Amino acid sequence: MKLSMEIICANLPAEFSARIKGLKNDGLTLERPEFYIGEPRPFLSGHLYIVSAAELSSHTRTEQGAGIICIGNSLYIEQYKERCSLLLVDASVNPMLLFNSLTKIFNTYESWSEKLYEILNSSASLKEMIACSRPVFENPLFVLNADFHYLVHSDYTDQELEQQAEFRFENKKNLLPLDAFEKFLELHKLSLEERKPILLTVNGSSFLNINLFQDNVYCGCLTIEYYGKKCRAGDEALALYLSRFLTLALKKYTFFPGNEKNVLRQSLRDAINGYQVSLSQRRSLLPLHADGEYVCLTIRFTGPQVQLPVEYLCSLIEAEYPNCVALDHESSIVVCAQLGKKEAENTWYETLKSRFTPVIQSLNFHVGVSSAFKRLEDLRLYYLQTCAALENGRLFAPEEHYYLFEDYALKELIINMIGNLPFKMYYSKGLHLLEEHDAQSSVSYLETLRVYLKHNMSATKTAEALYLNRSTLLERLSRIKSLLHSDLSDPDERLRLQILLKALEIHNEIQDQAHPDT
């Protein structure tokens, strides 16, 4: 295993008084040491040389990336500082003792590397990898997956982690709670795309974080905790080295049971997109098939929390409501929830609200809720219901958070029935005359007609609804009918008028929401 000059310097005995000069190279690039003796020869990149100060000359060719450990001081140190990485030790240091110390350092890290390879090629156990890495870093380590669940940690039991660790478990779900996760993201500056190590210091404690990727997709992170300590020189390069093994181990895990939920999510996503579900996908949906019904929800967030990783929010929802699968879709979270028999009868909506609200109550959210259904193959249709509920709900009741499609079904139906033409294009001449009357009068003939049709042309019920006496209403209806020139005994004509008057009502509601002060 190759090392960096920073790692070598940090591990040399204190009596060597080692100090780094020259070009900095954070990578693991230096081979095991060799003595620079005999005839002058170039200092090659990636090689580590032990040389006495007397052996240095001003004209020796030096490649960038070479490492030189100089015993004693030389007049040419300043020249070499511009060319390579230097480690200076006292002139009194025994060269053989120095070589033995360097060999011991390389042996230690080589043994660690061999152990990581052995674990990867056998069990691919993250726990074993972290355990064997604990002595190397001399600080606690933990690994989160892409859903921000703890996969493994080196030092704490669940109870100890809950009491001591900065980012603790939420009960026994191995999931960062929302408040801790928001802090986690704040500390990491929402840098889930960052490829380099991220070092943060908070309240005297430091955290070194390395994001893990598979096929350029974020799949988790490795974090080293420095409680009351500072990150040591070279830890970043070693953590990157460890992260490569962890990534390969996680990739192996994708073929094991436990990632079946990701397959299930993809199957549901394909169903939402309207793609034909394959036989293998149908098999992945089998765990959801049981007695009872389903409901689809689409959750949209606004405000600063919209930057929260969707994978984390999906995991949070699934942890709170185990009978559901949550997935990201078009900047939203779509949830397919399985209802029990009791929930499917009457109480499922209130049950869902009581379960979901605590999870996302600190976020600015809106939820579209479909009708209950029985066939997962119909998921796309019920997803479209949630979209319609959200669109209409946020338009007509923006102060609410939950929108049932059934509450907005009529509005959606009327809007779709009108089509692309303005609804007044469907007015008869008589309706235009009623509208002209209303523009010049405090008495609305259109509203009177709407209420009259709503009550099945019952003069008594209409008078009660409008707080009019019967004779006044009959006189007004006579004038309306004379202007309308429509046969109200014809059911098709009545339906046409009711649709248009409902469209007018919806239009006025929209105007009121858009201009509340007018």
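Residues numbered from 1 in each chain as written. Predicted model: local features only at pLDDT ≥ 70, side-chain atom pairs only at ≥ 80, totals over all residues. Heavy atoms only, no water.

Caption draft 1: A look at the environment of Arg195. With respect to the helices and strands, Arg195 occurs in the loop between helix 6 (178-187) and strand 8 (198-202). Classification of Arg195 by relative accessible area gives partly exposed; the value is 42%. Taking the C-alpha atoms as reference points, Arg195 and Asn216, separated by 21 residues in sequence, lie 9.9 Å from one another. In contact with Arg195, other than residues within four places in its own chain, are Phe213, Asn216 and Leu240. In this structure the side chain of Arg195 is engaged in a polar contact, spanning 3.3 Å, whose partner is the side chain of Asn216. (Helix = DSSP H or I, 4+ residues; strand = E, 2+ residues; numbered from the N terminus. Buried < 20%, exposed > 50% of the residue type's maximum accessible area, 1.4 Å probe, protein only. Contact = heavy atoms within 4.5 Å. Polar contact = N/O pair within 3.5 Å; in protein donor to acceptor, adjacent residues only side chain to side chain.)

Caption draft 2: View of the sheet that holds strand 15 (residues 402-404). Overall, mixed pairing links the five strands, which are arranged 12-13-11-14-15 in an open sheet. Bordering the open sheet on either side are strand 12 (324-329) and strand 15, each of which pairs with just one other strand. Adjacent strand axes in the sheet meet at a mean angle of 20°, parallel and antiparallel pairs treated alike. Sheet strands touched by helix 10 (residues 310-320): strand 11 (293-302), strand 12 and strand 13 (332-339). Its angle to strand 12, the strand with the most contacts, is close to 165°. Here helix 13 (residues 405-418) sits on the sheet and contacts strand 14 (364-369) and strand 15; the angle it forms with strand 15, its principal contact strand, is near 60°. (Pairing = 2+ DSSP bridges. Axes fitted to C-alpha atoms, helices over the stretch in contact; angles between N-to-C directions.)

Caption draft 3: Examining the sheet that holds strand 5 (residues 85-89) more closely. A sheet is described by the order of its strands in space; here five strands give the open sequence 1-5-4-3-2, paired in mixed fashion. Two strands lie at the open edges of the sheet, namely strand 1 (19-22) and strand 2 (33-35), each paired on one side alone. The sheet shows a mean angle of 30° between the axes of neighbouring strands, direction not considered. As defined by bridge partners, strand 4 (residues 67-71) adjoins strand 5 across five bridges and the pair is classed as parallel. Paired with Ile71 across the two strands is Val89, which belongs to strand 5. On the sheet, helix 3 (residues 95-120) packs against strand 2, strand 3 (48-52), strand 4 and strand 5 and is oriented at approximately 160° with respect to strand 2.

Caption draft 4: View of the pairing of strand 11. Where burial is concerned, most of strand 11 is hidden: eight out of the ten residues are buried. With seven bridges connecting them, strand 11 and strand 13 associate as antiparallel partners. In the sheet register, Glu293 faces strand 13, and the bridge partner there is Leu339. As paired elements, strand 11 and strand 14 share six bridges and run antiparallel to each other. When the bridges of strand 14 are listed, Leu297 appears paired with Val369.

Caption draft 5: Just the pairing of strand 5, in detail. Most of strand 5 sits out of view: five of its five residues are buried. Burial of the side chains of strand 5 extends over both faces: Ser85, Leu87 and Val89 are buried on one face and Leu86 and Leu88 on the other. As paired elements, strand 1 and strand 5 share four bridges and run antiparallel to each other. Following the sheet pairing, Ile20 is matched in strand 5 by Leu87.

Caption draft 6: Highlighting a nonpolar patch on the surface. A grouping of Leu410, Leu413 and Met417 is seen on the molecular surface, where their side chains present a nonpolar patch of about 290 Å² in accessible area. Tracing the backbone through its elements, the reader meets Leu410 in helix 13. (Patch = residues over 30% accessible without salt bridge, like charges linked within 9 Å, V, L, I, M, F, W, Y side chains within 5 Å. Areas by Shrake-Rupley, 256 points an atom, 1.4 Å probe, with all protein chains shown as cover. Salt bridge = Lys/Arg side-chain N within 4 Å of Asp/Glu carboxyl O.)

Caption draft 7: Examining the packing of helix 14 (residues 429-439) against helix 17 (residues 470-484) more closely. In contact at an axis separation of 7 Å, helix 14 and helix 17 are set at 130° when each is read in the N-to-C sense. The angle between the axes of helix 14 and helix 17 places the two elements in the oblique class. From helix 14, Gly430, Leu431, Leu433 and Leu434 reach across to helix 17, where they touch Ile480, Leu483 and Leu484. Here the residues of the contact of helix 14 with helix 17 sort into six nonpolar, one polar and no charged. (Parallel < 35°, antiparallel > 145°, perpendicular 65-115°, else oblique. Nonpolar A, V, L, I, M, F, W, Y, C, P; charged D, E, K, R; others polar.)

Caption draft 8: Broad picture of the pattern of salt bridges. With the rule as written, the count across this model stands at 18 salt bridges. Here Lys81 ties to Glu78 by a salt bridge, and the two come within 3.3 Å at their closest N and O atoms. Taken together, the positions of Lys81 and Glu78, both in helix 2 (residues 77-81) and three residues apart, correspond to about one turn of that helix. Looking at Lys81, the relative accessible area reads 24%, which means it is partly exposed. For Lys411, the salt bridge goes to Glu509, with nearest N and O atoms at 3.8 Å. Here Lys411 is found in helix 13, whereas its partner Glu509 is found in helix 18 (residues 491-514), with 98 residues between them in sequence. Taking relative accessible area as the criterion, Lys411 reaches 14% and is therefore assigned buried. A relative accessible area of 25% means that Glu509 is categorised as partly exposed. Shared partners join several salt bridges into a network, and the residues in it are Glu447, Arg450, Lys502 and Glu505.

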